[in-house]
Amino acid sequence: MNPTASYCDAPIGIFDSGLGGLSVLRAVRAHLPAEQIVYVADSRYAPYGARDDDFIADRTLAICEWLVAQGAKALVVACNTATAQSIALVRERLSIPLVGVEPGIKPAASISKSRVAGVLATQVTLRSARFQALVERHAADLRVLCQPGHGLVEAVERCDVSSPALVELLRGYVQPMLDAGADTLVLGCTHYPFLDMAIRSIVGESMTLVDTSVAIARQLERVLDQHGLRAQPATPGDGSTASGTPARFCSTSDGAHLRMLAAALLGIDARVECVSIPSRRTRELEADAA
Ligand code: DGL
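What you see is a predicted model, and the numbers here were worked out from it, not measured in a lab.

**A few points about unusual backbone geometry**
Following Ala-46, the chain continues to Pro-47 via a peptide bond in cis, the omega torsion being 0°. Notably, Arg-115 is not glycine yet its phi reads approximately 65°, a positive angle. Here Arg-115 shows up in the loop between helix H5 (105-111) and strand S5 (116-121). Positive phi outside glycine occurs at Cys-159, with the angle close to 65°. Considering the arrangement of structural elements, one finds Cys-159 in the loop between helix H8 (152-157) and helix H9 (164-179). With a relative accessible area of 21%, Cys-159 lands in the partly exposed category.

Right, dumping it as structure tokens:
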């Protein structure tokens, strides 16, 4: 493959069930500032953790196809749940370079001194064959305490990252891990890095929080290099900015929360496009509702 310069200038498509992928976008912008980004939050249908496998596969494929149609040169499925459930299908169907995300079991196994680590992730991620294989491969000598984070994605989706009710919900998930001697907590959902302050208010410095967003940005860099797809850094005077072209933000919901979270947590004043990305399952839902 010998991509032309203009193809290298094409955007990277990043997608999540909702706002969580912004934690990945933040790392990608910091690590690869010359890259343009199109971000899709499928907030209308979040949380995926409450959906069936076919629904998640249907949405993941439809959104990846939509991003390809928008001209994306590479895709990041910035959702552990969609990756665990559907990345094999997307790889089979689309020939575009693709990066998925998975809970940081491998780093946890190398960090933990107590040899007990907690994993917070969606139920779909935790019960997936992909996650089970990850634990078997990297954590044979680690006690892994898996906890579904029911209610956490919903909290971040309404931009609640610090309310007393949220902290109590988190305490119920994290305190038993502390009691069992865990010194490491894997944030196995891209929404959860936005809860780091709330988690710290409970665990203090007694746990290392494992967030893989920077590793994902590095993996994306490797994949772009393998395919000769890296955007060239801006040259002075060409009208672009040193911190990269502003991302294009798209939401399948009204976009208000995406804008709010991007401003509050990333300091980005984002204009959000409301987009419609119909798929087989959402057409069925809408037909049932009519
Ligand atoms: N950010 C998604 C993940 O990493 C959340 C999934 C959901 O919507 O339940 O799994």
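Right, picking up where we left off after that structure.
**Observations regarding the nonpolar core**
Core analysis: the largest hydrophobic core is formed by 59 residues, its most contacted members being Leu-22 and Phe-249. When residues in this core are grouped by element, the largest group, six residues, is from H9. Ignoring any residue separated from it by four or fewer positions in sequence, one finds Phe-249 in contact with Leu-22, Leu-25, Tyr-39, Leu-258, Ile-268, Ala-270, Arg-271, Val-272 and Glu-273. Membership of the second largest hydrophobic core comes to 27 residues, among which are Tyr-45, Ala-82, Cys-250 and Ile-277.

**Thoughts on the layout of surface pockets**
There is about 460 Å³ of room inside the largest pocket. Lining the largest pocket are 22 residues, with Gly-100, Glu-102, Ala-215, Ile-216 and Gln-219 sitting closest to its centre. If you list the elements that add at least two residues to the lining of the largest pocket, you get helix H4 (80-93), strand S4 (98-99), H5, helix H7 (129-138) and helix H11 (213-226). Residue composition of the lining of the largest pocket, grouped by class: 10 nonpolar, six polar and six charged.

**As for the site of the ligand**
In the region of the ligand, 13 residues are neighbours, and Ser-17, Tyr-48, Gly-49, Thr-81 and His-191 sit closest. Within the contact set of the ligand, an oxygen atom lies 2.7 Å away from a backbone nitrogen or oxygen of Gly-49. Thr-190 is positioned with one of its side-chain polar atoms (N or O) 2.8 Å from a nitrogen atom of the ligand. Burial of the ligand by the protein chains amounts to 99% of its free accessible area of 300 Å². Split into classes, the residues belonging to the shell around the ligand amount to five nonpolar, seven polar and one charged.

**Regarding empty space enclosed by the protein**
For the structure shown, the criterion picks out three cavities of 30 Å³ or more. The volume enclosed by the largest cavity comes to roughly 70 Å³. Lining the largest cavity are 16 residues; nearest its centre among them are Asn-80, Leu-187, Thr-190, Asp-211 and Thr-212. Sorting the residues of the lining of the largest cavity by element identifies helix H2 (22-31) and H11 as the ones contributing at least two each. Its residues assigned to classes, the lining of the largest cavity comprises seven nonpolar, seven polar and two charged.

**Observations concerning the UniProt feature "active site" (unreviewed entry) in the chain**
Per the UniProt record, "active site" (unreviewed entry) is found at Cys-79 and Cys-189. For the annotated residues, spread through 111 residues, the largest C-alpha to C-alpha distance comes to 6.7 Å, consistent with a single compact locus. Considered against the largest cavity, the annotated residues that line it turn out to be Cys-189. Examined against the element boundaries, Cys-79 turns out to sit in the loop between strand S3 (74-77) and H4.

**Observations regarding the packing of helix H3 (residues 53-69) against helix H13 (residues 280-289)**
Here H3 crosses H13 at 115°, and the two axes come no closer than 7 Å. In this view, H3 runs roughly perpendicular relative to H13, as classed from their interaxial angle. Across the interface between the two elements, Asp-54, Phe-55, Asp-58 and Arg-59 from H3 touch Arg-280, Arg-281, Thr-282 and Leu-285 from H13. Residue classes in the contact of H3 with H13 are distributed as two nonpolar, one polar and five charged.

**Focus on the side chain of Asn-80**
Among the secondary structure elements, Asn-80 is positioned in helix H4. Judged by relative accessible area, which is 6%, Asn-80 ranks as buried. Not counting chain neighbours up to four residues away, the residues in contact with Asn-80 comprise Val-101, Glu-102, Pro-103, Thr-125, Gly-188, Cys-189 and Thr-190.

The rules behind the values
- Residues numbered from 1 in each chain as written.
- Predicted model: local features only at pLDDT ≥ 70, side-chain atom pairs only at ≥ 80, totals over all residues.
- Heavy atoms only, no water.
- Helix = DSSP H or I, 4+ residues; strand = E, 2+ residues; numbered from the N terminus.
- Buried < 20%, exposed > 50% of the residue type's maximum accessible area, 1.4 Å probe, protein only.
- Core = buried A, V, L, I, M, F, W, Y, C linked by side-chain atoms within 4.5 Å.
- Contact = heavy atoms within 4.5 Å.
- 1 Å grid on protein atoms, 1.4 Å probe; cavity = no way out; pocket = protein on both sides within 12 Å on 5 of 7 lines; lining within 4 Å.
- Points joined across faces, edges and corners; volume = space filled by probe spheres on them.
- Nonpolar A, V, L, I, M, F, W, Y, C, P; charged D, E, K, R; others polar.
- Near = heavy atom within 4 Å.
- Polar contact = N/O pair within 3.5 Å; in protein donor to acceptor, adjacent residues only side chain to side chain.
- Areas by Shrake-Rupley, 256 points an atom, 1.4 Å probe, with all protein chains shown as cover.
- UniProt positions renumbered as here; feature names shortened; annotations may be inferred.
- Axes fitted to C-alpha atoms, helices over the stretch in contact; angles between N-to-C directions.
- Parallel < 35°, antiparallel > 145°, perpendicular 65-115°, else oblique.

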